[in-house]
Amino acid sequence: MFESFYAKLEHLGIVPVVVLEKVEDAAPLAHALMAAGMASAEVTFRTPVAAECIAAMAAAEPDMCVGAGTVLNVEQADRAIAAGAQFIVSPGFNEDVVRHCIEHNVPVLPGTVTPTEVTAAVNLGLKVTKFFPAAQYGGLSTIKALAAPFVGHRFMPTGGVSTKNVEEYLSCPSIIACGGTWMVKPALFADGDFSEVQRIATEAMEVVAKVRG
Ligand code: 3PG
C-alpha cells in the first residue's frame, strides 16, 4: 500500500511544513519552492484557508506534490482530499483518520513516537509514519531504537529539524524524508518577497543531493 508515494517521498527528501494565513501567498510560495527544487508542501490545517491554499499551490505548480498537514479529524481529511491533497499528515495517531485515508486510497502519515503507536500504524498496513515532535521525543536515537523491532518501518521526523541537523537525520536509513518549517517561516515572506524562502530551500536541497546522491 502507498508504495509509489513512499518512493516519491524518499526522492523528495524534505517536505516543507507550511502555515499560510493568506491564500495570495500560496502561488508565489509554490513557485519559490519549485525553483529551489523542493517539489512538495505540507499545508497545515492550522489556519482556516488551508484547503484553499492546497488548491492554489497545486494550480500554480501542477507538478508539485501538495498535501495536508495537522489533519486532526475525518472532516479535515475530507476537506483536504476535496481540495486535491495528495497526502495527509497528522501530528498524532487517530485510527479514524488513518482508516478513512486508506479507504480513499490517499497516503497518510500519522504521527507515532511510541512502540504502541507504531504498532497501531503497522497493523493498519502503514510502512511510514511521522515522528513528531522529533527533538523532544529523542530525535535520531529514538528513531534508531524504534527501527530495531519495527524492521523496515520508516519515519518522517519533524519538529526541530533544521539546516543544522537535517544532514544527520537524512543519513539514517530509517528516515524516508524530513519535514520542517525552517525554510517557510512566515517571517521570511511577510513582505511578499519569497527570495529568502528560495535561498534556504535551495540550500536544504543541496543537503538532500549530498546525502541521497
Ligand atoms: C510540524 O508540524 O511538523 C512542525 O510544526 C514542524 O516543526 P518545526 O517548526 O520545528 O520545523
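Look above for the structure.
Calculation rules
- Residues numbered from 1 in each chain as written.
- Predicted model: local features only at pLDDT ≥ 70, side-chain atom pairs only at ≥ 80, totals over all residues.
- Heavy atoms only, no water.
- Near = heavy atom within 4 Å.
- Polar contact = N/O pair within 3.5 Å; in protein donor to acceptor, adjacent residues only side chain to side chain.
- Areas by Shrake-Rupley, 256 points an atom, 1.4 Å probe, with all protein chains shown as cover.
- 1 Å grid on protein atoms, 1.4 Å probe; cavity = no way out; pocket = protein on both sides within 12 Å on 5 of 7 lines; lining within 4 Å.
- Sits in = over half its atoms within 2 Å of the grid points.
- Phe/Tyr/Trp six-rings, centres within 6.5 Å; stacked < 30°, edge-to-face > 60°.
- Helix = DSSP H or I, 4+ residues; strand = E, 2+ residues; numbered from the N terminus.
- Buried < 20%, exposed > 50% of the residue type's maximum accessible area, 1.4 Å probe, protein only.
- Lys NZ or Arg CZ within 6 Å of the ring centre and 35° of its normal.
- Points joined across faces, edges and corners; volume = space filled by probe spheres on them.
- Nonpolar A, V, L, I, M, F, W, Y, C, P; charged D, E, K, R; others polar.
- Pairing = 2+ DSSP bridges.
- Arc of directions from axis to C-beta.
- Contact = heavy atoms within 4.5 Å.
- Axes fitted to C-alpha atoms, helices over the stretch in contact; angles between N-to-C directions.
- Left-handed = near helix turned anticlockwise from the far one by under 90°.
- Salt bridge = Lys/Arg side-chain N within 4 Å of Asp/Glu carboxyl O.

### What about the site of the ligand?
Val17, Arg46, Lys130, Phe132, Thr158, Gly159, Gly160, Gly180, Thr181 and Lys185 make up every residue found near the ligand. Within the side chain of Lys130, one N or O atom sits 2.8 Å away from an oxygen atom of the ligand. Take Gly159: an N or O atom from its main chain is 3.5 Å from an oxygen atom of the ligand. Considering the ligand on its own, with 320 Å² of exposed area, one finds that the protein chains cover 81% of that surface. More than half of the atoms belonging to the ligand lie within 2 Å of the grid points that define the largest pocket.

### What about the packing of aromatic side chains?
This model, assessed by the stated rule, comprises 5 aromatic pairs. Look at Phe131 and Phe155: their rings are 5.9 Å apart centre to centre, the planes differ by 80 degrees, and that puts the pair in the edge-to-face class. One end of the pair, Phe131, is in strand β6 (residues 128-131); the other, Phe155, is in strand β7 (residues 154-157), with 24 residues separating them in the sequence. By relative accessible area, Phe131 is classed as buried at 0%. On the basis of relative accessible area, Phe155 is assigned to the buried category, the value being 0%. Here the aromatic residues Phe2, Phe5, Tyr6 and Phe87 are joined through ring pairs into a cluster of three or more. It is Lys130 that lies over the ring of Phe132; its NZ or CZ is 4.9 Å from the centre.

### Notes on the layout of surface pockets
Any empty space left between atoms is shown by rolling a water-sized probe over those atoms. Within this model, the largest pocket holds a volume of roughly 160 Å³. Around the largest pocket, the lining is made up of 13 residues, and of these Thr158, Gly159, Gly160, Gly180 and Thr181 lie nearest the centre. Counted by class, the lining of the largest pocket contains 4 nonpolar, 6 polar and 3 charged residues.

### Details of the pairing of β7
Alternating positions in β7 separate into two faces, Arg154 and Met156 on one and Phe155 and Pro157 on the other, with burial throughout. Two strands pair when backbone bridges link them, and β6 and β7 are joined in this way by 4 bridges, in the parallel orientation. Each bridged residue has a counterpart across the sheet, and for Thr129 the counterpart in β7 is Phe155.

### Things to note about helix α3 (residues 50-60)
Buried residues of α3: Ala50, Ala51, Cys53, Ile54 and Met57, and no others. Down the axis of α3, the buried side of the element spans an arc of 160 degrees, and every buried residue falls inside it. α3 presents Glu52 and Ala59 as exposed residues on the side facing more than 90 degrees away from its buried surface. Its buried side turned inward, α3 meets α2 (26-35), β2 (40-44), β3 (65-69) and α4 (74-82).

### Side note on the packing of α2 against helix α9 (residues 195-212)
Running from N to C, α2 and α9 cross one another at 35 degrees; their axes reach a closest spacing of 8 Å. Pair α2 / α9 crosses with right-handed handedness. Of the residues in α9, those in contact with Leu29, Ala32, Leu33 and Ala35 of α2 are Val197, Gln198 and Ala201. Of the residues belonging to the contact of α2 with α9, the class tally is 6 nonpolar, 1 polar and no charged.

### A look at the pattern of salt bridges
Taken as a whole and assessed by the stated rule, the structure comprises 8 salt bridges. In this structure, Lys130 engages Glu42 in a salt bridge whose closest nitrogen and oxygen atoms are separated by 3.8 Å. Of this pair, Lys130 sits in strand β6 while Glu42 sits in strand β2, placing them 88 residues apart in sequence. For the pair Lys130 and Glu42, one class covers both residues: buried. For the salt bridge of Arg79 with Glu75, the shortest nitrogen-to-oxygen distance reads 2.8 Å.

### Focus: the environment of Val108
Relative to the helices and strands, Val108 resides in strand β5 (residues 108-109). According to the relative accessible area criterion, Val108 is buried, its value standing at 1%. Along the sequence, Val108 and Phe5 sit 103 residues apart, while their C-alpha atoms lie 9.7 Å from each other. In contact with Val108, other than residues within four places in its own chain, are Phe2, Ile88, Val98, Cys101, Ile102, Leu126 and Val128.

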